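Structural description and commentary
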Amino acid sequence: MTTGVAACTVCCALRQVCCHTDATYFTLANEEFQCHCSSVECDKGQCPFDTCHVDWVGPFCQYRNVATEARGIPYDVTDKGDDTCVDVTGSPLLIQLERFEPLAWLRLRLKESATYSYMTLKLHTSSGEVLCDQLRTHSITDLLQDVTCGPDLLYVKAIELTWTGSQICSIYIVKGRNLAVKQKTSMSVQSQGRGVSARAVDGEWGVGAECVNTSGHVGLNHWQVLFSGNARIVHDVIIHTSRGVDVMKTFTLEALDRQMAVTYKHSVGSTGHVTRVLTGSSEPVAGLRLSVNQVTGTYLDICEVLAFGDCAPPYYGLECRTVCDSRCPDRMCHINGECLACPRGRAGPFCQRYVSWRDPEEPRESGYNFLSIAFIPLGMASFYCCLIVCKYVMVRRQKGGDVIGTYSRLRRNTGCGSVGVAVSIKACGPDFPFRYVGSPDFSFRYVGSPDIPFRDVGNRYKKRYDYDQRRDGRGRDGCGRGNKCR
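This is a predicted model, so every value here is computed, not measured.

The rules we used
Residues numbered from 1 in each chain as written. Predicted model: local features only at pLDDT ≥ 70, side-chain atom pairs only at ≥ 80, totals over all residues. Heavy atoms only, no water. Helix = DSSP H or I, 4+ residues; strand = E, 2+ residues; numbered from the N terminus. Buried < 20%, exposed > 50% of the residue type's maximum accessible area, 1.4 Å probe, protein only. Contact = heavy atoms within 4.5 Å. Areas by Shrake-Rupley, 256 points an atom, 1.4 Å probe, with all protein chains shown as cover. Pairing = 2+ DSSP bridges. Disulfide = S-S within 2.5 Å. Core = buried A, V, L, I, M, F, W, Y, C linked by side-chain atoms within 4.5 Å. Phe/Tyr/Trp six-rings, centres within 6.5 Å; stacked < 30°, edge-to-face > 60°. Lys NZ or Arg CZ within 6 Å of the ring centre and 35° of its normal.

Next up on the list: the overall build of the chain. From N to C terminus, the chain includes five helices and 29 strands. Buried residues in the chain amount to 45% of all 486 residues. Taking as baseline every contact in the chain between residues at least 6 positions apart, the subset at least 24 positions apart corresponds to 67%. Of the roughly 25,000 Å² of accessible surface on the chain, 53% is carried by carbon and sulfur atoms.

Right under this line is the structure:
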């Protein structure tokens, strides 16, 4: 028991989800999952008052939150309290982690509706600072926003958040979920009295936890876990032991496919009671294997194996059975099914909208090219041609009988007609070729035969009735040469 206490002490010092010995489970779609509610108990995966343990978040509290291990972040945004919020508008918020962690996504709980005017993420990785240029937000509720940085997972030591918008009440940094818990396990041999292989994925370690080892069996021995259903992607493996570096000095971690072939492997040197392996791989795997070439005093000693990751494309969901939308590039999507990125010319949660797009790397042309210069005189010539045609049509229309005369001049010369809807035909004669058109200046319009232009009507009309043919081009009174209208 002293060894267990020591293991728990080291575990808690490293903040590795320490000392779980009271695991409970729930069943979903014929698979067992571990409860991570703040009150331990859960009803079919649902936590009372929807409160997850501080180290867990997401659907059914299955995703590991490492923000509680961060430094340089206000406590008010890590206590998971909705009433304690901070305004981070202005200077960037630098979140420093104790070690490199795989960044799957961020979750922000906001004080007001999920709106913001500006947000950037700068990630501090092993290769330097990286700006999240494929940043996407996924609305979980009005107050919950998940933030992803594209399909490529990065291992980060710090996150620099620049934000302009609502006050932030909680920040969650998610590295994935434990894929190994309650999965099918096996091992080559096991020490008598040290339990079965399944103890290494029962969700318990630390004080009182049951472990398994292969002591007393010289040679190559292994322990393995196989994931049910479709393949997974594993980013981070944590191995808890009871005896530490004394018995697992070196061992091998192998990733397996469905044919039990090795996809990738790591040779690992034990670092004590807790050993971490960052796989650095996005290859789909069906299981993991730990093996050691045992000699005297060296053997596998495993209390718990945690494998953090998520479903391999094109699947998502806790059971990895739901298929991502076909419009998502490489069928990669967030935990709610929304695309992690969109192809060029597409936008929206499911890349359902077409948008205009221009490659920002494509150089812009400056000045005018030959074709644009050639089109300038061509356009000017077309414009003047249209003006000439319009002028010709207007002149032809005016000469064809659309002549305007004013009532004042008409009445002064003829003494007939009256202001009204129309000039009286009785007063001016049955063949009077003008009609009042109701304009403010009491204009009259020639209404003679459309086949006989006004200028061709008998001279008696030209002399008897004065008319104003302003647009006909024949003078103010419109009377031809030799016609005396006054």
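That covers the picture; the talk isn't over yet.
In this section: the pairing of strand β16 (residues 232–240). Across the nine residues of β16, nine count as buried, placing the element largely inside the fold. Pairing analysis gives eight bridges linking β16 to strand β22 (residues 304–311), with the strands arranged antiparallel. Pairing of aspartate 236 across the sheet is with phenylalanine 308, part of β22. As judged from the five bridges shared by β16 and strand β19 (residues 274–278), these two strands associate in the antiparallel manner. By the bridge assignment, isoleucine 238 is partnered in β19 with arginine 276.

Here the amide bond leading from proline 313 into proline 314 is cis, since omega sits at 10°, within 30 degrees of zero. As for its placement among the helices and strands, proline 314 is situated in the loop between β22 and β23 (315–316). Here phenylalanine 60, not a glycine, exhibits a phi torsion of approximately 55°, which is positive. As for its placement among the helices and strands, phenylalanine 60 is situated in the loop between β3 (56–57) and β4 (63–65). With a relative accessible area of 24%, phenylalanine 60 lands in the partly exposed category.

As a further point, take the environment of glutamate 283. You can see glutamate 283 is positioned in the loop between β19 and β20 (287–294). For glutamate 283 and histidine 235, which are 48 residues apart along the polypeptide, the C-alpha to C-alpha distance reads 9.6 Å. Not counting residues within four places of it along the chain, the set of residues in contact with glutamate 283 comprises Arg232, Ile233, Thr263 and Tyr264.

In this section: the state of the cysteines. Applying the stated rule across the entire model yields nine disulfides. What pairs with cysteine 37 in a disulfide is cysteine 47, and their sulfur atoms sit 2.0 Å apart. Around the S-S axis, the bridge from cysteine 37 to cysteine 47 shows a dihedral of about -85° and counts as left-handed. With cysteine 37 in the loop between β2 (31–34) and β3 and cysteine 47 in the loop between β2 and β3, the pair connects residues that are 10 residues apart, well separated along the chain.

To continue, consider the nonpolar core. Within the largest apolar cluster, 29 residues are counted, with the highest numbers of intra-cluster contacts made by Trp223, Val234, Val237, Leu288 and Leu290. Elements that contribute at least two residues to this core include exactly β15 (219–226), β16, β17 (250–256), β18 (262–269), β20 and β22. Not counting chain neighbours up to four residues away, the residues in contact with valine 237 comprise Leu253, Thr275, Arg276, Val277, Thr279, Leu288, Val305 and Leu306.

What characterises a pair of aromatic rings is the spacing of the ring centres plus the angle enclosed by the ring planes. Here the structure, examined in full by the defined rule, presents four aromatic pairs. Connected via pairs of aromatic rings, a cluster forms that spans Phe26, Phe33 and Phe60. For lysine 175, the ring lying beneath its charged end belongs to phenylalanine 308, and the centroid distance is 4.4 Å. Above the face of the tyrosine 25 ring, lysine 182 is positioned so that its terminal group lies 4.4 Å from the ring centre.

Let's shift gears to the environment of threonine 27. As for its placement among the helices and strands, threonine 27 is situated in strand β1 (residues 25–28). When the C-alpha atoms of threonine 27 and lysine 44 are compared, they prove to be 6.8 Å apart, with 17 residues separating the residues in sequence.

By themselves these figures say nothing about function.
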